[in-house]
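Architecture and fold: a report
Residues per chain, in single letters:
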Amino acid sequence: MGLIDRGLRFVLGAALIIATLMGAIGIWGWVGLIPLATAFIGFCPLYRIIGVKTCSDC
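Everything quoted here is computed from the prediction, not taken from an experiment. (Residues numbered from 1 in each chain as written. Predicted model: local features only at pLDDT ≥ 70, side-chain atom pairs only at ≥ 80, totals over all residues. Heavy atoms only, no water.)

1. Describing helix α1 (residues 3–21)
How we decide: Strands are runs of DSSP state E lasting at least two residues, helices are runs of H or I lasting at least four, and both sets are numbered from the N terminus onward. One less than the residue count of a helix, multiplied by 1.5 Å, gives the span that helix is expected to have. Relative accessibility decides the category of a residue: with a 1.4 Å probe and only protein chains considered, values under 20% of the type maximum give buried, values over 50% give exposed, and everything between is partly exposed. We call two residues in contact whenever any of their non-hydrogen atoms come within 4.5 Å of each other.
Given a rise of 1.5 Å per residue, 19 residues ought to cover 27 Å, and the 27 Å separating the end C-alpha atoms of α1 matches this to within 8%. For α1, the set of buried residues is Asp5, Arg9, Gly13, Ala14, Leu16, Ile17, Ala19 and Thr20. Buried residues belonging to α1 abut α2 (33–41) and α3 (45–50). Where α1 ends, the next residue or the one after it, Gly23, has phi of about 85°, a positive value.

The following block contains the structure:
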């Protein structure tokens, strides 16, 4: 997973979780845990299944 991809996943995931905790969005905001987790581990199982690579040295 490329650096930009990881950064965007982190920002999106964190934003969803924060918005949920603040009450701005409903419980579905906890879905933000998925992009946040994949940003931390640097691996997306869906990318492997569909054959997507977002980094040039992988």
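So much for the structure itself; the text now carries on.
2. What about the confidence of the model for the protein chain?
Note that predicted coordinates carrying low pLDDT should not be read in detail. Formally: The score called pLDDT rates the predictor's confidence residue by residue, from a low of 0 to a high of 100.
In the predicted model, the protein chain carries a mean pLDDT of 92, and 98% of its residues have values of at least 70. Within the protein chain, the element-level pLDDT minimum falls on α3, averaging 89, and the maximum on α1, averaging 96.

3. What to know about α2
Rule in force here: Note: the arc covers the axis-to-C-beta directions of the helix.
Every buried residue belonging to α2 is among Pro35, Leu36, Thr38 and Ala39, and all of these are buried. Across the axial projection of α2, the buried residues extend over an arc of 165°, all falling on one side. Exposed and oriented more than 90 degrees from the buried face of α2 are Ile34, Phe40 and Ile41. The secondary structure elements touched by the buried residues of α2 are α1. Residue Gly42 follows α2 closely and has a positive phi angle near 75°.

4. Examining a nonpolar patch on the surface
Inclusion rule: Distance thresholds for patches are 9 Å for like charges and 5 Å for nonpolar side chains (Val, Leu, Ile, Met, Phe, Trp, Tyr), applied to residues having over 30% relative accessible area and no salt bridge. For the area figures, the Shrake-Rupley method with a 1.4 Å probe applies, and any residue is considered shielded solely by the protein chains shown. Salt bridges, as used here, are contacts in which a Lys or Arg side-chain nitrogen is within 4 Å of a carboxyl oxygen on Asp or Glu.
A cluster of nonpolar residues, Phe10, Val11, Phe40, Ile41 and Phe43, forms a patch on the protein surface that exposes about 520 Å² of accessible area. Put simply, the parts of the chain that give the nonpolar patch at least two residues each are α1 and α2.

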